[in-house]
Amino acid sequence: MVCSSRLSWIYGQLLAGRLSRVAVCSHIDRMVLHVTLKPEITGTVDVLALQVIHQTMLSLHMFIAVDHGHKDSTGTSHISIIMRPLLSSTPAPV
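Because the structure is predicted, anything quoted here is derived from the model rather than measured. Residue numbers run consecutively from 1 along every chain, following the written order of its sequence. Owing to the predicted nature of the model, reporting of local features is limited to residues with pLDDT of at least 70; listing and counting of side-chain atom pairs is limited to 80 or more, with chain, interface and lining totals taken over all residues. Side-chain figures throughout are based on the complete set of non-hydrogen atoms in the structure, without hydrogens or water.

J.: Quick rundown of the nonpolar core? Include the residues and the values.
T.: Only buried residues count toward a nonpolar core, which is a set of Ala, Val, Leu, Ile, Met, Phe, Trp, Tyr and Cys residues joined through side-chain atoms within 4.5 Å. Note on classification: 1.4 Å probe, protein chains only; a residue is buried when its accessible area is under 20% of the maximum for its type, exposed when over 50%, partly exposed between these limits. Counting residues in each nonpolar core, the largest one holds 15 residues, and the members touching the most others are Leu14, Leu33, Val35, Ile53 and Ile81. Helix numbering and strand numbering both begin at the N terminus, where a helix is a DSSP run of H or I of at least 4 residues and a strand a DSSP run of E of at least 2. Taken together, the elements giving at least two residues each to this core come down to helix 1 (2-15), strand 2 (31-41), helix 2 (47-59) and strand 4 (77-85). Ranked by the residues each element gives to this core, the list is headed by helix 1, at four residues. Once residues lying within four places of it in the same chain are set aside, the contact partners of Leu33 are Leu7, Val22, Ala23, Val24, Val52, Ile53, Thr56, Ile79, Ser80, Ile81 and Met83. Whether two residues are in contact is decided by their heavy atoms, any of which lying within 4.5 Å being enough.

J.: Quick one: what's the story with the packing of helix 1 against helix 2, residue by residue and with numbers?
T.: Two quantities define a packed helix pair, namely the angle between the axes and the distance from one axis to the other. Axis angles are defined between N-to-C directions and span 0 to 180 degrees, where every axis is a line fitted to C-alpha atoms and, for a helix, only to the segment in contact. Relative to each other, helix 1 and helix 2 sit at 160 degrees, their axes nearing to 10 Å. The angle between the axes of helix 1 and helix 2 places the two elements in the roughly antiparallel class. Every pair of crossing elements has a handedness; the one defined by helix 1 and helix 2 is left-handed. Packed against helix 1, whose contacting residues are Leu7, Ser8, Ile10, Tyr11, Leu14 and Leu15, the element helix 2 presents Ala49, Leu50, Ile53, His54, Thr56 and Met57 at the interface. Side-chain classes follow a simple rule in which Ala, Val, Leu, Ile, Met, Phe, Trp, Tyr, Cys and Pro form the nonpolar group, Asp, Glu, Lys and Arg form the charged group, and the remainder, Gly included, forms the polar group. Considered class by class, the residues forming the contact of helix 1 with helix 2 number nine nonpolar, three polar and no charged. To sort the angles, those under 35 degrees are grouped as roughly parallel, those over 145 as roughly antiparallel, those from 65 to 115 as roughly perpendicular, and the leftovers as oblique. By definition, turning the near helix anticlockwise from the far helix through less than a right angle yields a left-handed crossing, and turning it clockwise yields a right-handed one.

J.: Quick one: what's the story with the pairing of strand 2, residue by residue and with numbers?
T.: As paired elements, strand 1 (residues 18-26) and strand 2 share eight bridges and run antiparallel to each other. Directly across from Ser26, in strand 2, lies its bridge partner Met31. In this analysis, strands are considered paired if DSSP registers two or more bridges between them. A loop of four residues connects strand 1 with strand 2, the two strands running antiparallel in sequence. In the sheet, strand 2 pairs with strand 4 via seven bridges, with the strands oriented antiparallel. Paired with Leu33 across the bridge in strand 4 is Ile81.

J.: Tell me about the sheet that holds strand 3 (residues 63-71), and please be specific about residues and values.
T.: With respect to topology, four strands assemble into an open sheet ordered 1-2-4-3, the strand pairing being antiparallel. Pairing within the sheet leaves two strands with one partner each, and these edge strands are strand 1 and strand 3. In this sheet, neighbouring strand axes are inclined to one another by 15 degrees on average, regardless of whether the strands run parallel or antiparallel.

J.: For the pairing of strand 3, give the residues involved together with the corresponding values.
T.: Pairing of strand 3 with strand 4, which is carried by nine bridges, proceeds in the antiparallel orientation. Looking at strand 4, one finds that Val66 is bridged to Ile82. Count of turn residues in the strand 3/strand 4 antiparallel hairpin: five residues, of which Gly75 carries a positive phi of about 95 degrees.

Structure below.
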């Protein structure tokens, strides 16, 4: 699964001490996880960011997930993972 591999990679980068920004946006029909990894390594581990990524990895099986990511010219990586519930109680738009 591509998203689980991407999350594992992000987790490893966080463990290595990369500077990061992690944001979770919830919507009625989906959740979006945004991660920005700066090229700098501080040596300190962001425990809260690790927990968010770890919990997402554990619950990934309950979602249909699509990830988008790119690395810009400064070495900063931007990743967005869009997750929709497998059994959505929200009707599809007409």
